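# Observations on the model geometry
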Amino acid sequence: MLYGKNLIDGTWVGSNNMLASDDLDGFAFAQASTTDVDQAAIAARTAFRPYSKKTRAERAKFLRTIADEMDKLGAEITEIGSKETGLPEARLEGERGRTTGQLKMFADLIEDVTYLDIRKDEALPDRAPIPRPDLHLTHKAIGPVVVFGASNFPLAFSTAGGDTASALAAGCPVIVKGHSAHAGTAELVAQAIMSAIEICNMPKATFQMVQGSGREVGAALVKHSEITAVGFTGSLGGGRALYDLCHQRPTPIPFYGELGSINPMFVLPSAAESRAEALGEGWAGSLTMGAGQFCTNPGVTIIVKGTAADRMEASCVAALKNIEEQKMLTDGIHKAFEDGVRLFADLMEDVSNCGTAISKRSSLPALFKVSAQQWIANPTLQHEVFGAAGILVVCNDTNEMQAVAECLEGQLTATLHLDDLDHDLACDLLPILEEKAGRVLCNGFPTGVEVCSSMMHGGPYPASTDVRATSVGTLAIVRWLRPISYQNVPKVLLPDELKE
């Protein structure tokens, strides 16, 4: 059952300012005020010390209990999520499994002290000319964290997604800013987390959630003096505005934002010759997955001109024409996609001719073609169009292919499609792509992000705001920890992990 309220310090709080959801037959959600934000931030600060002092085993049990409570609400989460986002039920069921899997992954992680990167240097009192003190280093929770829900992943990147799971695992209270595109889904997951708080006897403000469709609530959260770090997945414009606010504060704080990526794929000559048709069909499938609303959507493919390029293009176009119209996440995302497609049509050749979708908030894919010289000369073509719009960049030779790689902005992913005969060219391209992307993959498609310890989901700006950070995988926890060194501190006073 939905309350339509904000969760602040363990209480569901209403508001005179309500926002109705057309997707949920007009059900209205309370919109938080700046006073609500202030109360939540102060409550999070109050909860920080008792929550961060919970043992690793207690926090691990809490994370697993959240997963269990989400599964209890699974059918309702799927029903509401599908109504709000237009995503199919099977996709939401799978995403819930990924979300609960992340929670359990971080529970497993913190049960082993290794993630704290403990370092010890024993005292050397007789060292000349200067004795060395006894030194121990560990990592501690940074403080209250704000997490912004993502539009395209109502579960895995939102209320109990990777940012929240890793921050709670680290020992940080979390305030989630729910996304208006799926406010009901966000509230149901918040209910599950609140149940876990009660079951595990955690401080009431260990987790809180506020709703707000404009930028006022988000700005108030990141500017509040009690907030110590922010996690964000969303648009370049919105993310950059919040990043600037975080760094303009009297006390600047880290902002970990994933902002945008076109995820280029390079089809090398031998691979193109041997399997052009399969690559064209595979690109179409990856490009249109989830109506193209994936952060790892491969928006650009680079290939050398010739019959193999023609075959790949024809295969991709044929596959795209078989794609039925797909409902997009929000009216705003749909409008931005249609505007982007019209802009691309003015700048490049439209080779797809898939037409225009008929249903409200739905889209059809689009494929454009441009020369490498034109693509390099026009930075606008590197701007992400969020949806199933692809660009085929045709190079005169492999030198132009390398030139395209050199002018790329920061990316989440970069892909090489190659055969054995392409290894020399790949050796030239790889160092360039290592500078440009957080994840380099070969002979695959970037949609789909494995949740594991070796995953990097981030990259140079504008893919993300911190090239050293990932929002997926166990390494994500380091964003919410800070190192502390203890010098000549009696053992009885040291943190438990340093006594072991």
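The preceding data block contains the structure.
This structure is a prediction, so every number in the text was calculated from the model and none was measured.

### Quick look at the overall build of the chain
Across its full length, the chain holds 15 helices and 21 strands. In terms of C-alpha radius of gyration, the chain reaches 24 Å, essentially the compact-globule figure of 23 Å for 500 residues. Overall size of the chain, expressed as C-alpha extent along the three principal axes, is 75 × 70 × 40 Å. By residue count, 57% of the 500 residues in the chain fall in the buried class. Pairs at least 24 residues apart make up 77% of the contacts formed inside the chain by residues separated by at least 6 positions. For the chain, the accessible surface area stands at approximately 20,400 Å², while carbon and sulfur atoms represent 52% of it. On the chain, the mean spot of the 43 positive side-chain charges and the mean spot of the 61 negative ones are 8 Å from each other.

### Quick notes on the pattern of salt bridges
For the structure on display, the rule yields 22 salt bridges. Glu273 is paired through a salt bridge with Arg311; the nearest N and O atoms lie 3.6 Å apart. Residue Glu273 is located in helix α9 (residues 269-288), and its partner Arg311 is located in helix α10 (residues 307-321); the two are separated by 38 residues in the primary sequence. We classify Glu273 as partly exposed; its relative accessible area is 45%. For Asp496, the salt bridge is made with Lys499, and the minimal N-O distance between the two is 3.8 Å. With Asp496 and Lys499 both in helix α15 (residues 496-499) and three residues apart, the pair spans about one turn of that helix. Each of Arg64, Asp108 and Glu111 takes part in one network of salt bridges that share partners.

### Quick word on the environment of Pro125
One can find Pro125 in the loop between β5 (119-121) and β6 (135-141). Owing to a relative accessible area of 57%, Pro125 belongs among the exposed residues under this scheme. Put simply, Pro125 and Ser363 are 238 residues apart on the chain and 72 Å apart in space, counted from C-alpha to C-alpha. When neighbours within four sequence positions are excluded, Pro125 is seen to be in contact with Pro131 and Arg132.

### A closer look at helix α8 (residues 236-248)
Look at α8: 18 Å from first C-alpha to last across 13 residues, which is about the 18 Å you get at 1.5 Å a residue. Within the span of α8, buried status applies to Gly238, Gly239, Leu242 and Cys246. End-on view of α8: buried residues confined to an arc of 95°, all on one side of the axis. Contacts from the buried residues of α8 go to β7 (145-148), α7 (216-223), β10 (229-233) and β11 (255-258).

### As for the sheet that holds strand β19 (residues 411-417)
Taken together, the seven strands give an open sheet; going across it, the order is β15-β17-β18-β13-β12-β19-β20, and neighbouring strands pair in mixed fashion. The open sheet terminates on both sides in strands that have one partner only, identified here as β15 (349-350) and β20 (437-442). Across three bridges, strand β12 (residues 265-267) lies against strand β13 (residues 300-304) in parallel orientation. Bridge pairing links Phe266 to Ile302 in β13. The strands that α9 touches are β12, β13, β17 (366-371), β18 (389-395) and β19; relative to β18, the one it contacts most, it runs at about 165°. The sheet contacts of α10 involve β12, β13, β17 and β18, and relative to β13 the element is tilted by about 150°.

### Quick word on the nonpolar core
Core analysis: the biggest nonpolar cluster contains 58 residues, and Phe62, Phe106, Phe207, Ile477 and Trp480 have the highest contact counts within it. Apart from residues lying up to four places away in sequence, Ile477 is in contact with Phe106, Leu109, Ile110, Tyr115, Ser166, Ala169 and Ala170. Counting residues in hydrophobic clusters, the runner-up holds 39 residues, among them Val304, Leu329, Ala372 and Leu408.

Rules used in this analysis
Residues numbered from 1 in each chain as written. Predicted model: local features only at pLDDT ≥ 70, side-chain atom pairs only at ≥ 80, totals over all residues. Heavy atoms only, no water. Helix = DSSP H or I, 4+ residues; strand = E, 2+ residues; numbered from the N terminus. Rg over C-alpha atoms; globule rule 2.2 N^0.38 Å. Buried < 20%, exposed > 50% of the residue type's maximum accessible area, 1.4 Å probe, protein only. Contact = heavy atoms within 4.5 Å. Areas by Shrake-Rupley, 256 points an atom, 1.4 Å probe, with all protein chains shown as cover. Lys, Arg positive; Asp, Glu negative; His and termini not counted. Charge placed at Lys NZ, Arg CZ, Asp CG, Glu CD. Salt bridge = Lys/Arg side-chain N within 4 Å of Asp/Glu carboxyl O. Expected span 1.5 Å × (residues − 1). Arc of directions from axis to C-beta. Pairing = 2+ DSSP bridges. Axes fitted to C-alpha atoms, helices over the stretch in contact; angles between N-to-C directions. Core = buried A, V, L, I, M, F, W, Y, C linked by side-chain atoms within 4.5 Å.

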